[in-house]
Amino acid sequence: MTVQNEINDHLLLWDQFIRHAREAGLKAARSEAEYKRDRAKFVAWYKATNPGASQVAAESAADANETLHVRRVARLSDDAEVEACRMRNQWFRAKSEALRSEKVDERESSRLYADNPAGA
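Residues numbered from 1 in each chain as written. Predicted model: local features only at pLDDT ≥ 70, side-chain atom pairs only at ≥ 80, totals over all residues. Heavy atoms only, no water.

Even after reading the chapter, I still don't get the overall build of the protein, so can you show me in this structure?
When helices and strands are tallied, the protein shows 3 helices and 0 strands. Taken from N to C terminus, the helices and strands of the protein fall in the order α-α-α. Relative to a compact globule of 120 residues, whose C-alpha radius of gyration would be 14 Å, the protein shows 27 Å and is clearly more extended. Dimensions of the protein along its principal axes, counting C-alpha atoms only, are 95 × 20 × 15 Å. At a minimum sequence separation of 6, the contacts of the protein that also span at least 24 residues come to 73%. Within the structure as shown, the protein displays about 8600 Å² of accessible surface, and the carbon and sulfur contribution to it stands at 55%. Each charge sign in the protein was given a centre, from 20 positive and 20 negative side chains, and these centres are 6 Å apart. (Helix = DSSP H or I, 4+ residues; strand = E, 2+ residues; numbered from the N terminus. Rg over C-alpha atoms; globule rule 2.2 N^0.38 Å. Contact = heavy atoms within 4.5 Å. Areas by Shrake-Rupley, 256 points an atom, 1.4 Å probe, with all protein chains shown as cover. Lys, Arg positive; Asp, Glu negative; His and termini not counted. Charge placed at Lys NZ, Arg CZ, Asp CG, Glu CD.)

This is how it looks when you write it as structure tokens:
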């Protein structure tokens, strides 16, 4: 496989990955918004049903709520996926730079050979 073919294959994979990363980002944003909305609703409900309860008490009750806990874990998981996508994107960029460098080396080698053919 030529370096140019490797570059082309790499760019196709990178393009596919970017689509996945975009979806992961959207999913993380949705899960964060849902968690914050549900937590705010719970805090408001708690304060309405427990007159005189402080904001801290309502937030502590929200942190202890099992449904909100599940949402928070899902949100953190989605955030971790986004971070993994960032790291993978860095790898794609580094690999691309290495392939470009290899292509330049190949081109320079061909030029040197053309200028100084073997046996001349």
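Additional details are given in the paragraphs that follow.
What's the story with the packing of aromatic side chains in this structure? I'm lost.
Where two aromatic rings form a pair, the distance of their centres and the angle of their planes describe that pair. Under the criterion given, the structure shown has 5 aromatic pairs. Taken together, a centroid distance of 5.0 Å and an interplanar angle of 70° make the contact between Trp 91 and Phe 92 edge-to-face. Given the relative accessible area of 3%, Phe 92 is considered buried. Aromatic rings pair up to connect Trp 14, Phe 17, Trp 91 and Phe 92 into one cluster. (Phe/Tyr/Trp six-rings, centres within 6.5 Å; stacked < 30°, edge-to-face > 60°. Buried < 20%, exposed > 50% of the residue type's maximum accessible area, 1.4 Å probe, protein only.)

How should the packing of helix α1 (residues 3–49) against helix α3 (residues 66–115) be read in this particular structure?
The angle between the axes and the distance between the axes are what describe a pair of packed helices. Contact pair α1 / α3: the axes reach a minimum separation of 8 Å and the direction vectors enclose 160°. With respect to their mutual orientation, α1 and α3 come out roughly antiparallel. Along this stretch, α1 crosses α3, giving a crossing that reads as left-handed. For the contact of α1 with α3, the residue count by class is 18 nonpolar, 7 polar and 19 charged. (Axes fitted to C-alpha atoms, helices over the stretch in contact; angles between N-to-C directions. Parallel < 35°, antiparallel > 145°, perpendicular 65-115°, else oblique. Left-handed = near helix turned anticlockwise from the far one by under 90°. Nonpolar A, V, L, I, M, F, W, Y, C, P; charged D, E, K, R; others polar.)

Just checking my understanding: could you explain the pattern of salt bridges for this structure?
When the charged atoms of two side chains with opposite charge come close together, those side chains can pair. Under the counting rule described, the total for this entry stands at 9 salt bridges. As a salt-bridge pair, Arg 71 and Glu 34 come within 3.1 Å of each other at their nearest N and O atoms. Residue Arg 71 is found in helix α3, and its partner Glu 34 is found in helix α1; the two are separated by 37 residues along the sequence. Measuring nitrogen to oxygen at the nearest pair gives 3.1 Å for the salt bridge that ties Glu 83 to Arg 86. Taken together, the positions of Glu 83 and Arg 86, both in helix α3 and 3 residues apart, correspond to about one turn of that helix. (Salt bridge = Lys/Arg side-chain N within 4 Å of Asp/Glu carboxyl O.)

Everything listed here is a matter of geometry and, on its own, says nothing about what the molecule does.
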